[in-house]
Amino acid sequence: MKIYEMKIAPSPRRVRIFLAEKGIEMEYVEVNLQKGEHHSAEFKAMNRFKTVPLLELDDGTFISETVAICRYFEELQPEPRLMGRNPRECGVIEMWNRIIELNWLLPTGMCFQHTTDYFAAFKKQVPEWGELCRDKSRDFFDLLNDHLATQPYIAGEDYSIADITALCTLDFNKVNQLRPQPHQEHLLAWHKRVSSRPSASA
Ligand SMILES: N[C@@H](CCC(=O)N[C@@H](CS)C(=O)NCC(=O)O)C(=O)O
């Protein structure tokens with residue numbers, strides 16, 4: 001079993017942290033996205049959508065999509081539970097994970113793609129769209145700060161995959177020059193809480 005990834009990219013980091021929380025060792029294969037290695041015929045044969053992370057099982061099955069990979073490991077090794085212990089928890093965690101992916105991670109990635117030259121060789125850029133996405137991402141810092149005023153973690157009392165998604169998104173926003181502001185005290189306290197877990201440096 002191995003995972004194709006790029007260590008500094010946010011989506012692969014989500015899987016790394018998830019596996020570290022579960023204490024699962026993994027073989028990683030580095031794919032250089034800036035050099036376009038994910039556009040090679042060899043990589044496209046494994047994942048036609050040309051994204052990392054990509055999990056290869058020993059039977060030759062490929063699983064792309066961060067949440068699908070995490071789901072595989074949650075089923076393989078349930079403890080510690082990161083995607084919920086009962087229907088209510090599963091629903092709430094999945095809701096927040098999707099909210100953060102769609103409303104924060106996605107605009108964060110779009111801002112990076114459309115306002116820096118990192119992927120310029122491979123992707124058409126629309127800088128105005130990138131700036132709108134920067135605004136959307138900035139607004140989410142405030143939303144999350146309000147949300148965290150009454151609970152320690154994104155989905156409630158317990159650490160979950162939603163915290164992993166939010167941590168990777170917040171940290172990656174450095175490339176968009178967006179950081180938590182001093183008045184966002186709940187967000188800052190949460191960030192300190194989740195960053196101090198050993199898995200954060202996986
Ligand atoms: N929805 C996908 C998104 C994966 C994704 O966009 N990964 C980025 C790295 S963080 C990537 O492979 N980018 C390559 C590209 O856009 O060309 C997932 O969750 O796995």
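Residues numbered from 1 in each chain as written. Predicted model: local features only at pLDDT ≥ 70, side-chain atom pairs only at ≥ 80, totals over all residues.

Visitor: Looking at this structure, I do not really get the nonpolar core. What am I missing?
Guide: When a protein is soluble and globular, its nonpolar side chains tend to lie buried together. Ranked by internal contacts, the top residues of the largest apolar core, which has 35 residues, are Phe18, Ile161, Ala162 and Ala166. Counting only elements with at least two residues in this core, the list comes to helix 1 (10-22), strand 3 (54-56), helix 3 (66-76), helix 4 (87-115), helix 5 (127-147), helix 6 (161-172) and helix 7 (185-195). A total of 8 residues in this core trace back to one element, the largest contributor, which is helix 6. Taken domain by domain, the makeup of this core includes at least three residues from each of domain 1 (2-76) and domain 2 (87-201). Contact partners of Ala166, with chain neighbours within four places excluded, come to Ile100, Leu144 and Ile154. (Core = buried A, V, L, I, M, F, W, Y, C linked by C-beta atoms within 7 Å. Buried ≥ 20, exposed ≤ 12 C-beta atoms within 10 Å, placed from the backbone. Helix = DSSP H or I, 4+ residues; strand = E, 2+ residues; numbered from the N terminus. Domains from an automatic or database assignment. Contact = placed C-beta atoms within 7 Å.)

Visitor: Looking at this structure, how should I read the packing of helix 1 against helix 3?
Guide: In contact at an axis separation of 9 Å, helix 1 and helix 3 are set at 15° when each is read in the N-to-C sense. In this view, helix 1 runs roughly parallel relative to helix 3, as classed from their interaxial angle. Crossing geometry of helix 1 relative to helix 3 is assigned as right-handed. Contact with helix 1, carried on its side by Ser11, Arg14, Val15, Phe18, Leu19 and Lys22, involves Thr66, Ile69, Cys70 and Phe73 of helix 3 and no other residues of that element. Residues belonging to the contact of helix 1 with helix 3 are distributed by class as follows: 6 nonpolar, 2 polar and 2 charged. (Axes fitted to C-alpha atoms, helices over the stretch in contact; angles between N-to-C directions. Parallel < 35°, antiparallel > 145°, perpendicular 65-115°, else oblique. Left-handed = near helix turned anticlockwise from the far one by under 90°. Nonpolar A, V, L, I, M, F, W, Y, C, P; charged D, E, K, R; others polar.)

Visitor: How should the site of the ligand be read in this particular structure?
Guide: Taken together, the residues surrounding the ligand are Ala9, Pro10, Ser11, Leu33, His38, Lys50, Thr51, Val52, Pro53, Ser64, Glu65 and Thr66. Its residues assigned to classes, the shell around the ligand shows 5 nonpolar, 5 polar and 2 charged. (Near = placed C-beta within 6 Å.)

Visitor: How do you make sense of the domain arrangement of the protein chain when you look at a structure like this?
Guide: What the domain assignment lists for the protein chain is domain 1 (2-76) and domain 2 (87-201). Each of domain 1 and domain 2 was reduced to a C-alpha centroid, and the two centroids are 20 Å apart. If you look at the interface, domain 1 gives 12 residues, while domain 2 gives 14 residues. Counting residues per element, the side of domain 1 that touches domain 2 draws most heavily on helix 1, at 7 residues.

Visitor: Looking at this structure, I do not really get the sheet that holds strand 1 (residues 2-5). What am I missing?
Guide: Working definition: the strands of a sheet are paired by backbone hydrogen bonds and lie parallel or antiparallel to each other. Across the sheet, 4 strands lie side by side as 2-1-3-4; this open sheet has mixed pairing. The sheet terminates laterally at strand 2 (27-30) and strand 4 (62-64), the two strands that pair on one side only. When strand polarity is set aside, the average angle formed by the axes of neighbouring strands in this sheet is 25°. Inspection of the sheet shows strand 1 paired to strand 2 by 4 bridges, in the parallel sense. Across the sheet, the residue bridging to Glu5 is Glu30, located in strand 2. (Pairing = 2+ DSSP bridges.)

Visitor: Got a minute to help me understand unusual backbone geometry in this structure?
Guide: For residues that are not glycine, phi is negative in most cases, and the peptide bond is trans in most cases. Residue Pro53 is bonded to the preceding Val52 through a cis peptide linkage, with omega at 5°. Tracing the backbone through its elements, the reader meets Pro53 in the loop between helix 2 (41-46) and strand 3. Following Glu79, the chain continues to Pro80 via a peptide bond in cis, the omega torsion being -10°. Among the secondary structure elements, Pro80 is positioned in the loop between helix 3 and helix 4. Positive phi outside glycine occurs at Lys50, with the angle close to 55°. Within the secondary structure, Lys50 sits in the loop between helix 2 and strand 3. Overall, Lys50 belongs to the partly exposed group, with 18 C-beta atoms counted inside 10 Å. Of note, Glu65 is a non-glycine position whose phi angle comes to about 75°, a positive value. You can see Glu65 is positioned in the loop between strand 4 and helix 3.

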